[in-house]
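Overview (structure and organization)
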Amino acid sequence: MIYIYLAVVLLTVCFCGVLLFGAPYLPTLEKQRKTALDLLDLKKGQTLLEPGSGDGRILKLAAKRGINAVGIELNPIMYLVSLLVTFRYRKKIKIVWGDFWKVDWPEADGIFLFLITRYMPKFDEKMKTGRKKPVKVASFAFPIPGKKPVKEKDGVFLYEYR
Ligand SMILES: C[S@@+](CC[C@H](N)C(=O)[O-])C[C@H]1O[C@@H](n2cnc3c(N)ncnc32)[C@H](O)[C@@H]1O
């Protein structure tokens, strides 16, 4: 009985604790995963960053297309799941366990996001400082307030930061 109790506490902490820092775990659907990568149109050898990389399936899809992918995931359970999901592509994928607001972001050519409305302005602010090169951003479901998307398809908004 104590083990069930501990498991429930652990799951609650991992999945609900994340709400203090960002969006809860909810995976992007397969169609939108493909749409996001199509819109970003990254070339082989370029780098995709995914803050809040969940189960790692977007990182895996990117790696299958020859793109280097970096994920940052706070929920330790999803972090471990994503290591398993992406194991075969581990040479092209790096996943960091941590809070993406605190971890240093690598220079990326494209960013995929699935956050929630309240964190979009904070993301927009972060994109305005400390970048060395232009970056494309695909956001599923949540537009960036006050910024005009260059394209939109299947609920994925594409932006360019120059
Ligand atoms: C809505 S889910 C999206 C998962 C994945 N990006 C996808 O589209 O399938 C948001 C993910 O971000 C993670 N997350 C939320 N806040 C975070 C933070 N501050 N740092 C790192 N990961 C975070 C959650 O644990 C969750 O896995």
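Look up a bit, the structure's there.
Rules behind the numbers
Residues numbered from 1 in each chain as written. Predicted model: local features only at pLDDT ≥ 70, side-chain atom pairs only at ≥ 80, totals over all residues. Helix = DSSP H or I, 4+ residues; strand = E, 2+ residues; numbered from the N terminus. Buried ≥ 20, exposed ≤ 12 C-beta atoms within 10 Å, placed from the backbone. Contact = placed C-beta atoms within 7 Å. Near = placed C-beta within 6 Å. Nonpolar A, V, L, I, M, F, W, Y, C, P; charged D, E, K, R; others polar. Core = buried A, V, L, I, M, F, W, Y, C linked by C-beta atoms within 7 Å.

Let us look at the overall build of the protein. Within the protein, the regular secondary structure consists of five helices and seven strands. Listing every helix and strand of the protein by position from the N terminus yields α-α-β-α-β-α-β-β-α-β-β-β. Projected onto its principal axes, the C-alpha coordinates of the protein cover approximately 55 × 35 × 30 Å. Taking all 162 residues of the protein together, the buried fraction comes to 35%. Intrachain contacts of the protein at a sequence separation of at least 6 include 65% that bridge at least 24 residues.

Even without being glycine, Asp41 reaches a positive phi, approximately 50°. Along the chain, Asp41 falls in the loop between α2 (30–40) and β1 (47–51). Backbone geometry places Ala141, a non-glycine residue, at a positive phi of 75°. In this structure, Ala141 sits in the loop between β5 (135–140) and β6 (151–153).

The next point concerns the site of the ligand. Among the 22 residues in the neighbourhood of the ligand, the closest are listed as Gly22, Thr28, Gly52, Gly54 and Leu74. When the residues that make up the shell around the ligand are grouped by side-chain class, the tally is 13 nonpolar, six polar and three charged.

The biggest cluster of nonpolar side chains holds 31 residues, and the ones touching the most others in it are Ala36, Leu48, Ala62, Ala69 and Ala138. Excluding anything up to four places from it in sequence, Ala62 contacts Leu37, Leu48, Ile67 and Ala69.

Turning to α2, its buried residues number three or more, namely Gln32, Arg33, Thr35, Ala36, Leu37, Leu39 and Leu40. If you follow the buried residues of α2, they end up packed against β1, α3 (57–64), β4 (110–113), β5, β6 and β7 (156–161). Positive phi shows up at Asp41, right after α2, with a value of about 50°.

Limitation: the analysis is restricted to geometry and does not speak to function.
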